[in-house]
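# Observations on the three-dimensional arrangement
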Amino acid sequence: MNSREQILSDIRILKIDNSELPTIPQFEYEADIIESFKTSIKTNKGEIISEEALMDLLESGEFVNVYSASEPYSKYSNCSLPEDPHELKNLDLAIIEGYFGVGENGAIWLDDSKLGHRVLPFITEHLVIVVDKKTIVPNMHEAYERIGQAHSGFGVFIAGPSKTADIEQSLVIGAHGAKSLRVLLI
């Protein structure tokens, strides 16, 4: 018997009583969750924008390559979603829809069912996420409960533009993803 088999044999011999998982309490959230969400997005270096501001942004000509996975803004797409995500390397602006937001930290849940390519929120230079105000939950406990056992293959919380400070302890925006995050609350 080798050492691996010996360890596994010793573990099988152990008699461990099953115990129930602890009950997670319902945490009361006394703040206005919409205002908390907005504050968190701003704290995370993101921006809350109005629909007018988004339209001005789209019509400004500032962004050469634009893709929208959000139906109301798809007419502003001037590029299609390629089969090879590497072809998105020059994408200036992506508009996508978030499933819900989290009031306590400004996180927005995305999964690949609405993205097209899971690389989309990371490869674009600038990102706009459309979130319905009615879908904002107070905290991460409720966010994970909402996700539940749903399986889409890929999911991610995004709470601001890409930031890192591990390079010489200097804050770098956009090193690992979008340089800016704008959130449109509808």
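Computed from a predicted model, the values in this text were never measured in an experiment.

Positioned with a positive phi, Lys45 is a non-glycine residue whose angle comes to about 75°. Relative to the elements of secondary structure, Lys45 occurs in the loop between helix H2 (33-43) and strand E1 (47-49). The class of Lys45 is exposed, set by a relative accessible area of 51%.

Here the focus is the nonpolar core. Ranked by size, the top nonpolar core spans 23 residues in total, and within it Ile108, Leu127, Ile129 and Val183 carry the most contacts. Listing elements by their share of this core, those giving two or more residues are H2, strand E3 (93-97), strand E5 (108-111), strand E6 (126-131), strand E7 (155-158) and strand E10 (180-185). Aside from chain neighbours lying at most four places away, what touches Ile129 is Ile96, Glu97, Gly98, Ile108, Leu110, Ile158, Leu181, Arg182, Val183 and Leu184. Formed by 13 residues, the second largest nonpolar core is a distinct cluster that contains Ile49, Leu54, Tyr76 and Val130.

The rules behind each value
Residues numbered from 1 in each chain as written. Predicted model: local features only at pLDDT ≥ 70, side-chain atom pairs only at ≥ 80, totals over all residues. Heavy atoms only, no water. Helix = DSSP H or I, 4+ residues; strand = E, 2+ residues; numbered from the N terminus. Buried < 20%, exposed > 50% of the residue type's maximum accessible area, 1.4 Å probe, protein only. Core = buried A, V, L, I, M, F, W, Y, C linked by side-chain atoms within 4.5 Å. Contact = heavy atoms within 4.5 Å.

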